[in-house]
Amino acid sequence: MKLKDQYKVLEFLDFGDDRGNLVVIEGDGIDIPFSIKRVFYIYGSDEEVMRGQHANRITEFVMVNVCGTSKVRIDNGYESTVIELNKPRMGLYLSSMVWKDMYEFSSDSILLVMASMHYDSNEYIRNYDEFKKEIAIESEVQE
Ligand code: TYD
């Protein structure tokens, strides 16, 4: 699978007016491809902190820096890229089986994450070698 098919930068609609901004994110294929089962947010991470460092066998995510900025490095075992999240209207969709590292959080960073599944530690791969192994098995099965 090509990395370009495993992530997508999204731009959400802003219904703002002179009272301020209002950004809407609807699931089920309206603004993001999945039905949202879980939301969490990360803030108060120092600039030198590295978070994530895992892949998910099943869950898809959309990340939004609703305040401040951070970087997300995504890696499918063969290719990698870095996306900077720096606008409240900008989303990053990530498919399953993508390794992700989040880092360089600004001091005001609030990173909102929407997930397609409830939390299940068993679907997290937290060892990069194990991730590579599972990717290799997956591509053998698909051949
Ligand atoms: P962790 O996966 O390390 O966060 P990060 O997104 O930075 O990689 O999660 C930290 C702890 O929080 C860990 O003990 C698991 C728990 N957790 C939940 O219980 N539910 C969740 O939805 C998430 C994301 C984490």
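Residues numbered from 1 in each chain as written. Predicted model: local features only at pLDDT ≥ 70, side-chain atom pairs only at ≥ 80, totals over all residues. Heavy atoms only, no water.

Caption draft 1: Seen up close, the nonpolar core. With 17 residues, the main nonpolar core has Met-63, Val-72, Leu-85, Leu-92, Met-102 and Leu-111 as its most contacted residues. The contacts of Met-102, once residues within four sequence positions are left out, are Ile-42, Val-49, Met-50, Arg-51, Gly-52, Met-63, Lys-71, Val-72 and Leu-111. Phe-12, Ile-32, Val-62 and Met-114 belong to the second-largest nonpolar core, a separate cluster that totals 9 residues. (Core = buried A, V, L, I, M, F, W, Y, C linked by side-chain atoms within 4.5 Å. Buried < 20%, exposed > 50% of the residue type's maximum accessible area, 1.4 Å probe, protein only. Contact = heavy atoms within 4.5 Å.)

Caption draft 2: Representation of the site of the ligand within the structure. Taken together, Arg-38, Phe-40, Arg-51, Gly-52, His-54, Met-102, Tyr-119, Tyr-124 and Arg-126 make up all the residues around the ligand. Protein chains shield 59% of the accessible area of the ligand, which is 520 Å² for the free molecule. Going through the elements one at a time, β2 (38-43) and β3 (50-56) are the ones with two or more residues in the shell around the ligand. With 3 residues, β3 is the largest single contributor of residues to the shell around the ligand. Across the shell around the ligand, the residue classes break down as 4 nonpolar, 2 polar and 3 charged. (Near = heavy atom within 4 Å. Areas by Shrake-Rupley, 256 points an atom, 1.4 Å probe, with all protein chains shown as cover. Helix = DSSP H or I, 4+ residues; strand = E, 2+ residues; numbered from the N terminus. Nonpolar A, V, L, I, M, F, W, Y, C, P; charged D, E, K, R; others polar.)

Caption draft 3: Structural detail: the sheet that holds strand β1 (residues 7-11). With antiparallel pairing, the 5 strands of this open sheet are ordered in space as β1-β7-β4-β9-β2. This sheet does not close on itself; its edge strands, each paired only once, are β1 and β2. Within this sheet the neighbouring strands show an average axis-to-axis angle of 20°, counted without direction. Here strand β4 (residues 61-67) pairs with strand β9 (residues 110-115) via 6 bridges, running antiparallel. For Val-64, the partnering residue across the bridge sits in β9 and is Leu-112. (Pairing = 2+ DSSP bridges. Axes fitted to C-alpha atoms, helices over the stretch in contact; angles between N-to-C directions.)

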